[in-house]
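Each chain, written out:
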Amino acid sequence: MANWVSAGCGAIANELAQAMEKRGQKLYGVVNRTPEKAVAFAEKYGVQKVFTSFQDVCADPAVDIIYISTPHNTHIHFLRKALAAGKHVLCEKSITLNSEELEEAVQLAKEHGVVLAEAMTIYHMPIYKELKKRMDAGKFGELRVIQMNFGSYKEYDMKNRFFNRNLAGGALLDIGVYALSFVRMFLNSCPDQITSQVKLAPTGVDEQAGILLMNREQEMATVTLSLHAKQPKRGMISFDKAYVEMYEYPRGQKAVITYTEDGHTEEIVAGATADALGYEVEDMEQAIAGHPELMKLELTEDVMKMMTRIRKDWGLTYPEEERATEKI
């Protein structure tokens, strides 16, 4: 079993530690910008080592995999250090702010022979693997259109991460990444035609958006996002012989298939929502054991290309990107 270190000890890090306990594992180490929180986290989960700095994590030869669960805008800084030190990395979504940062990280991972992956639950939940298998076997016919909804109601607190530009806030990178990852998993190729509308929050980040996508096969997708209006987390994949409905799709466990010829329905249950992080841990360990394809990095790259292009159309940038432009 691999030695994992959690960079960060917030909600996701707690889920990770619990998922590992369920598998009969413990985190090897933890690092956090507030050392007291790291110590409390280590005591709670029986974590062996509390690191005082990220540099110390990277310098420890016993560390195999680093799980990064800090805010989006910090990811690239940690990725550079971890990958250059020859560590495998599973990084929270969105993996980076834009395609340029992701390309740099992918190149570093190749140079140092390590696995880089985004912690995107959709790529690892058993229900999606089962649906993809049936789709690829032609059970549903030709894919036509995918419709995605994701809406949360967040109070207007312009300091929290959802609306804060300094923390790379906004709907697209926070919840849109799930919808677009779902879309990309089922489309036969990456969309090359993208149009969208956006409503900006007072801070200038995207609060609400509608996105329309089409690829070269003329498969289409629509995505509706909001941080200030509740919507069901609903995905629907429409084929010419059936349509598939999913609710709570970021960690889905059940799909309902309606066959268009006679209207009969079939319900499939696979995996469990509660084990979402456990599936990621399992696939990541398999990836470093010789099956990197399990982590779907090429789909992560496609999703990041779409999000980068969409934000460019909106003229929405973050302070880190503006500073990078100034340096040029």
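Criteria and cut-off values
- Residues numbered from 1 in each chain as written.
- Predicted model: local features only at pLDDT ≥ 70, side-chain atom pairs only at ≥ 80, totals over all residues.
- Heavy atoms only, no water.
- Pairing = 2+ DSSP bridges.
- Helix = DSSP H or I, 4+ residues; strand = E, 2+ residues; numbered from the N terminus.
- Buried < 20%, exposed > 50% of the residue type's maximum accessible area, 1.4 Å probe, protein only.
- Expected span 1.5 Å × (residues − 1).
- Contact = heavy atoms within 4.5 Å.
- Core = buried A, V, L, I, M, F, W, Y, C linked by side-chain atoms within 4.5 Å.
- Axes fitted to C-alpha atoms, helices over the stretch in contact; angles between N-to-C directions.
- Parallel < 35°, antiparallel > 145°, perpendicular 65-115°, else oblique.
- Nonpolar A, V, L, I, M, F, W, Y, C, P; charged D, E, K, R; others polar.

Caption draft 1: Spatial organisation of the pairing of strand S14 (residues 265-269). For strand S13 (residues 254-259) and S14, the ladder comprises five bridges, and the chain directions are antiparallel. By the bridge assignment, Ala 255 is partnered in S14 with Ile 268. Linking S13 to S14, which pair antiparallel, is a turn of five residues; within it Gly 263 sits at a positive phi near 80 degrees.

Caption draft 2: Inspection of the pairing of strand S5 (residues 88-92) at higher detail. In terms of burial, S5 is largely enclosed, as five of its five residues are buried. Neither face of S5 is open: one carries His 88, Leu 90 and Glu 92, the other Val 89 and Cys 91, and all of them are buried. For strand S4 (residues 65-68) and S5, the ladder comprises four bridges, and the chain directions are parallel. Bridging across to S5, Ile 68 finds its partner in Cys 91. Alignment of S5 against strand S6 (residues 116-119), held across four bridges, turns out to be parallel.

Caption draft 3: View of helix H8 (residues 276-288). Here H8 spans 19 Å end to end across 13 residues, near enough to the 18 Å set by a 1.5 Å rise per residue. Along H8, the residues classified as buried are Ala 276, Leu 277, Gly 278, Glu 280, Val 281, Asp 283, Met 284, Glu 285 and Ala 287. On the buried face of H8, the contacting elements are strand S1 (4-7), helix H1 (11-22), S4, S5, S6 and helix H6 (126-136). Downstream of H8 by a residue or two, Gly 290 has a phi angle that is positive, lying close to 125 degrees.

Caption draft 4: Representation of the nonpolar core within the structure. Judged by nonpolar contacts, the single largest core of 88 residues is most densely connected at Leu 116, Tyr 128, Leu 131, Ile 146, Phe 182 and Tyr 249. Among the elements that take part in this core, helix H7 (residues 171-186) stands out by supplying 12 residues, more than any other. The residues contacting Phe 182, other than those within four sequence positions of it, are Ile 122, Tyr 128, Ile 146, Met 148, Gly 235, Ile 237, Met 246 and Tyr 249. The next biggest cluster of nonpolar side chains, apart from the first, holds 26 residues, and it includes Leu 90, Ala 117, Met 284 and Ala 287.

Caption draft 5: Quick peek at the packing of H1 against H8. Orientation of H1 relative to H8, taken along the N-to-C sense of each, is 70 degrees, at an axis distance of 8 Å. With respect to each other, H1 and H8 are oriented roughly perpendicular. Side by side, H1 and H8 meet where Ile 12, Glu 15, Leu 16, Ala 19 and Met 20 of the first sit next to Leu 277, Gly 278 and Val 281 of the second. Taken together, the residues of the contact of H1 with H8 break down into six nonpolar, one polar and one charged.

Caption draft 6: The sheet that holds strand S11 (residues 228-239), seen in detail. Across the sheet, which stays open at both edges, the eight strands sit in the order S8-S9-S10-S7-S11-S12-S13-S14 with mixed pairing between neighbours. Looking at strand neighbours, the two that pair on one side only are strand S8 (193-200) and S14, the edges of this open sheet. Strand-to-strand twist of the sheet, defined as the mean angle between neighbouring strand axes without regard to direction, takes the value 15 degrees. Relative to strand S10 (residues 220-226), strand S7 (residues 143-153) is paired through seven bridges, and the arrangement is parallel. Bridging across to S10, Asn 149 finds its partner in Thr 224. Packing against the sheet, H7 makes contact with S7, strand S9 (206-214), S10, S11 and strand S12 (242-247), and its axis sits at approximately 160 degrees to S10.

On their own, these measurements won't tell you what the molecule is for.
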